[in-house]
Amino acid sequence: MIGLIFRRALQAPLVLLVIYTVTFLLAWALPGSAVLRDEGRAPPPEVLAAMEARYNLDNPVSFYFGYLKGVVTRFDLGPSLRYADWSVNEVLRDSLPVSITLGLCAVGIALVIGTVAGVVGALRPGSWLDGAALSLALIGVSLPTFVIGTALLLAFPVGLGWGRVAGWGRPSDMLLPALTLSLPFAAYIARLTRMGMIEALDSDYVRTARAKGLTERQILIRHALPNAFLPVLSYLGPAAAAAMTGSFVVEKVFNIPGVGQHFVNAVLNKDLFLLMGVVLVYATILIAMNLLVDVLYRWVDPRIRA
Amino acid sequence: MALTLLLLAGVVVAALVGDRPRPPADFTYIDHQPPFTLDPQRATYEHDLRFVSALFDGLVRWDPYTYNIIPGFAKSWTVSDDGLRFTFHLRQDARWSNGEPLTSADVVYSWRRALMPDTAADYAESLFHVRGAQEFFERRSERLTEYAALPASQRTPETARALREETERDFGVNVGIRAPDPLTLEVELRAPAPYFLDLCAFPALYPVHPESVEACVALDPDTGRLEQTHEWTKPPRLISNGPYRLDEWRFKRDMRLVRNPHYWDADRVALETIEVRVVEDPATAVLAFQTGAADWLSDVLTGYLPEMLQAPENDVHGFTRFATYFWSFNCSPTLTGGRPNPFHDARVRRAFAMAVDKQTLVEKVRRVGEETADTLIPPGSIAGYDEDRSIGGPPFDPAAARALLAEAGWVDRDGDGTPEDASGEPFPVVDLLASTGSYHENVALALGAMFLEGLGVRTRIVQKETKAYRDDLRRRDYMMARGGWFGDYGDPTTFLDIHTTGDGNNLRGYSSARFDELLHHAAAEIDSAQRMALLEEAERLTTEEDLPVLPLWRYRQFPLYDAERVRGISRHPRAIQRLDYLSIAPEPDAKAEP
């Protein structure tokens, strides 16, 4: 186990460097000026040139290495070009906790809904309960979150007066966006659990357990579910990373000050530092989550531990 | 798994408990964008300027309802007979939000800061009217270039410091801004600029607190430039001199302004606290307002605005702005790839303008009640300028448009409906360049139909993301493109400047010796009426003959608020809304309570 963590820790900087390089190349190729505003009066050309020089935007090589140096030596992700008063570190300091909170909440909800729906479906395949769970999963996967989000917004805060629109800071503000964000994950988890459970319930060890006279409840919880849960576990790593780094659409509809919006807006605004910053942070979280899942995997599945 | 869930729940609760609730503010409003910067010298967007004008104060201000000049922290001023010398007398009780007195030296510092290319102040040019200012700006740029060319061994902190000291001496000697005593500021202009006071009222010239700004300035020995970070714009470090001080600023979330007790006119300010919330999604912003989350929404941007306006009882208010929506013609001789550009010929541009039925555009496409526009400058918006409203564009007249196109050599020679030139080459398909994400595509579709019907010319819509669109404009890689312009100050030049040859905002490649000459003469003209006459002549030239742009309508803004409750909102076309003039009407039924 220690060996695994050690190996991964050595690999991580290399993976991040590759991600950084590819992101840099793509971001540099974006059309338009990074310092010129979208609308309004353009400053004198000398001012534009001074701004580009200041951020190394006139020289890709010094930009690439300069930024890398700042990140490695000072954890300095640079200034935001669009939000001139903010550094990328400050932006992430304010928005990352929001996204992590919301993401964990969403993953929690997704786990509960998905596992219950999957188990129920697997216990009675073909029954109306299974059909209902499957339909729910189908809706969760195929309905875009902006439709679900808007519908929830119109139904609860606007229609019934429960909760508030575009609010953030109270526990109740989290419920609707977390639910919206969780549905696609819940649907996928339900599918994985159902498949795993059907397979497990049909396996030899479950038959043996039945023969030994264990109760159905014991069989389900002690024997079938842990095995059926393995694919879910490996899915949880990237899912948690994705959920915790925010969702552009959910953040937009519910007006949540999270990180997700920056993935899209930083590209549109050609806000290079912010763009690279969020990509690097996302990549780091993704690597960490995958490692965590691998560790958990070994812990849950004795076959891998050997 | 139960353990994991418990852990998750713990994190969530911890994160939420950390968020302390605050008492509601006296007034809450919603903006679509967070401020990009609160640095007066760098603010350019309207929502930024609104913050700057709430947090900071200028020598003079605009009355928010008339846009006449009224005193700011200067209680009075005198102008010399030749219009070149302004002397401002500062109030004795003018203070920063930390209680320190505000002096004329602070203004000198701030204006020097605006004129340093290091600051990259967008509105540096507005100070170029001051004697020696433009030369100072250019000299500093040159010195920096020379410095950067020095061998690395000579680029030391000492040399950089010496350069900085030299620059500051240069400013003191050569630029016409002086502080003879702490309460007097003298400004000398290079030529009369009757609107100089208007520029002083513009937030870009409001002073910053030198000490707190300097704390974030570092000299880069590598480039010789002053590197500035912006930590000083965040509370509690932001020290300002205006009606409000900044109490809290959470990125893309909210801001809280609190009345500044040290402001010289604090007694007039009605609202004690103001909360500003940022809601980027237009529909969510409207829903938030409708569910009572705010007292004022700065602008409704939803696609269903026309339907909202038709609702019998709505709180949408339409304000006409000091701004014009237009489509630009690329006036360059050739297009990308060296193809000849038919729009280089002013007659072709005029013919296209005459094929456009603006009334239909406004009524059928926009449907939000804009006024059609024939001129770039809103008629009657500037005192002493074109008061008889004699300037007007060519009328909608497809037959005359076709005749004019024929005069320019484009006639339908083969009867297919499309005009051809003398060699039989058909009129090229016109690219209509628009940015994505707004109503411009609809306008382009309608324009395309009008050009086809009126002139037999085919069009193609080219939609690009804003950055790419702006890039195409700057490279003149387009034929016609959507555009617009907001006036900054109450003078025709705030609009007309964009047509001068080589101006950074002349995205049309328009160049007319006659126009440049008229503006040049106007800049040197002391007599105000004469000057206005020259500028009128210049606008007549671009509006009636040359048409580098095709004006379509005046921009309108659609704030949402309950007019019975929210008082003090200005309907003036130039208003960016001064928060210190707003108030909330007392609840009508408050007295009925026992």
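Conventions and cut-offs
Residues numbered from 1 in each chain as written. Chains lettered and ligands numbered in written order. Predicted model: local features only at pLDDT ≥ 70, side-chain atom pairs only at ≥ 80, totals over all residues. Helix = DSSP H or I, 4+ residues; strand = E, 2+ residues; numbered from the N terminus. Buried ≥ 20, exposed ≤ 12 C-beta atoms within 10 Å, placed from the backbone. Contact = placed C-beta atoms within 7 Å. Pairing = 2+ DSSP bridges. Axes fitted to C-alpha atoms, helices over the stretch in contact; angles between N-to-C directions. Parallel < 35°, antiparallel > 145°, perpendicular 65-115°, else oblique. Left-handed = near helix turned anticlockwise from the far one by under 90°. Nonpolar A, V, L, I, M, F, W, Y, C, P; charged D, E, K, R; others polar. pLDDT = per-residue confidence, 0-100. Core = buried A, V, L, I, M, F, W, Y, C linked by C-beta atoms within 7 Å. Arc of directions from axis to C-beta.

Caption draft 1: Summary view of the overall build of chain B. From N to C terminus, chain B includes 17 helices and 21 strands. If one aligns the C-alpha atoms of chain B with their principal axes, the spans along those axes are about 80 × 65 × 60 Å. Relative to its 594 residues, chain B shows a buried fraction of 44%. Contacts spanning at least 24 positions in sequence make up 69% of the contacts within chain B whose residues lie at least 6 apart.

Caption draft 2: Inspection of the overall build of chain A at higher detail. When you go through chain A residue by residue, the secondary structure sums to 14 helices and 0 strands. With the principal axes as the frame, chain A shows a C-alpha extent of 85 × 55 × 30 Å. Nonlocal contacts in chain A, meaning residues at least 24 apart in sequence, comprise 70% of its contacts between residues at least 6 apart.

Caption draft 3: Looking closely at helix H2 (residues 46-55) of chain B. Residue and element names in this part refer to chain B. In terms of burial, H2 is largely enclosed, as 8 of its 10 residues are buried. Of the positions making up H2, those classed as buried are His 47, Asp 48, Arg 50, Phe 51, Val 52, Ser 53, Ala 54 and Leu 55. Lining the buried residues of H2 we find strand E1 (27-31), strand E10 (244-250) and strand E11 (254-259).

Caption draft 4: The arrangement of the sheet that holds strand E13 (residues 296-297) of chain B in detail. Strand order in the open sheet formed by 6 strands is E10-E11-E12-E1-E13-E19 (chain B), and the pairing between neighbours is mixed. Each end of this open sheet is capped by a strand with a single partner; those strands are E10 and strand E19 (560-561) of chain B.

Caption draft 5: Main features of the packing of helix H10 (residues 346-354) of chain B against helix H12 (residues 398-407) of chain B. All names here are of chain B. Between H10 and H12, whose axes approach to 8 Å, the crossing angle comes to 165 degrees. When the axes of H10 and H12 are compared, the pair comes out roughly antiparallel. H12 is crossed by H10, and the crossing has left-handed handedness. Residues Arg 347, Val 348, Arg 350, Ala 351 and Met 354 of H10 lie in contact with H12, whose contacting residues are Ala 400, Ala 401, Leu 404, Leu 405 and Glu 407. For the contact of H10 with H12, the class distribution of residues is 7 nonpolar, no polar and 3 charged.

Caption draft 6: Quick look at the sheet that holds strand E4 (residues 74-79) of chain B. Residue and element names in this part refer to chain B. The strand order E4-E5-E7-E6 describes an open sheet built from 4 strands, whose pairing is antiparallel. Looking at the sheet topology across the chains shown, the edges are occupied by E4 and strand E6 (177-181). Across the sheet, the axes of successive neighbouring strands diverge by a mean angle of 20 degrees, strand direction being ignored. Pairing analysis gives 5 bridges linking strand E5 (residues 85-90) to strand E7 (residues 184-188), with the strands arranged antiparallel. Opposite Phe 88, over in E7, you have Leu 185 as the bridge partner. Its contacts with the sheet put helix H3 (residues 104-114) on E5, E6 and E7, and the angle it makes with E6 is roughly 165 degrees.

Caption draft 7: Spotlight on the interface of chain B and chain A. Counting residues at the interface gives 48 residues for chain B and 48 residues for chain A. Counting residues per element, the ones that place at least two in the side of chain B that touches chain A are helix H1 (2-17), helix H8 (282-290) and helix H14 (466-474) of chain B. The element contributing the most residues to the side of chain B that touches chain A is H1(B), with 6 residues. In terms of residue class, the side of chain B that touches chain A is built from 21 nonpolar, 10 polar and 17 charged.

Caption draft 8: Main features of the confidence of the model for chain B. Residue and element names in this part refer to chain B. This prediction gives chain B a mean pLDDT of 92; 95% of its residues lie at or above 70. The low-confidence segment residues 590-594, where pLDDT is below 50, has 0 contacts with residues more than four positions distant or belonging to other chains. Interface confidence in the predicted complex, given as ipTM, is 0.85; pTM for the same model is 0.88.

Caption draft 9: Local environment of the pairing of strand E12 (residues 273-278) of chain B. Residues and elements named next belong to chain B. Summarising burial for E12: 5 of the 6 residues are buried, a large majority. Across 5 bridges, the pairing between E11 and E12 is antiparallel. Bridge assignment links Leu 257 to a residue of E12, and that residue is Ile 274.

Caption draft 10: How the structure looks around the nonpolar core. If you look at the biggest cluster of nonpolar residues, it comprises 173 residues, and the most contacted ones within it are Ala106(A), Ala288(B) and Leu297(B). When residues of this core are assigned to their parent elements, the largest contribution, 17 residues, is made by helix H4 (residues 88-123) of chain A. Excluding residues that lie within four positions of it along the chain, Ala106(A) makes contacts with Ala178(A), Leu181(A), Ser182(A), Phe185(A) and Ala243(A). Formed by 60 residues, the second largest nonpolar core is a distinct cluster that contains Ala323(B), Ala355(B), Val457(B) and Ala538(B).

Caption draft 11: Representation of the environment of Arg277(B) in the model. Residues and elements named next belong to chain B. As for its position among the elements, Arg 277 is in strand E12. With 22 C-beta atoms packed within 10 Å, Arg 277 lands in the buried category. Sequence separation between Arg 277 and Lys 252 is 25 residues, and the spatial gap between their C-alpha atoms is 8.1 Å. Contacts of Arg 277, omitting those with residues within four sequence positions, involve Thr 28, Ile 30, Asp 254 and Ala 294.

Caption draft 12: Structural detail: H12(B). Residue and element names in this part refer to chain B. For H12, every residue scored as buried is listed here: Ala 401, Arg 402, Leu 404 and Leu 405. Viewed end-on, H12 has its buried residues packed into an arc of 160 degrees, placing them on one side of the element. Each element contacted by the buried residues of H12 is listed here: H10 and helix H13 (440-455). Trailing H12 by a residue or two, Gly 409 shows a phi angle of about 105 degrees, which is positive.

Caption draft 13: Structural context of the environment of Thr418(B). All names here are of chain B. The topology assignment puts Thr 418 in the loop between H12 and strand E15 (430-435). Assessed through the 17 C-beta atoms surrounding it within 10 Å, Thr 418 is described here as partly exposed. In the structure, Thr 418 is positioned 10 residues away from Pro 428 in sequence and 9.5 Å away in space, judged by C-alpha atoms. Sequence-distant contacts of Thr 418, defined by excluding residues within four places in its chain, comprise Asp 412, Pro 426, Phe 427, Gly 456, Val 457 and Arg 458.

Caption draft 14: Fine view of the packing of H4(A) against helix H10 (residues 230-244) of chain A. Residues and elements named next belong to chain A. Packing of H4 against H10 brings their axes to within 7 Å, and their N-to-C directions diverge by 135 degrees. Our classification of the angle between H4 and H10 gives oblique. The chirality of how H4 crosses H10 is right-handed. Residues Ser 99, Ile 100, Gly 103, Leu 104, Ala 106 and Val 107 of H4 lie in contact with H10, whose contacting residues are Ala 239, Ala 240, Ala 243 and Met 244. Looking at the contact of H4 with H10, its residues break down into 8 nonpolar, 2 polar and no charged.

Caption draft 15: View of unusual backbone geometry. Cis geometry marks the peptide bond from Pro235(B) to Pro236(B), where omega comes out at 0 degrees. With respect to the helices and strands, Pro236(B) occurs in the loop between strand E9 (226-228) and E10.

Caption draft 16: View of the environment of Ala400(B). With respect to the element layout, Ala400(B) can be found in helix H12. Note: C-alpha distance between Ala400(B) and Gly454(B) (54 residues apart in sequence) is 9.7 Å.

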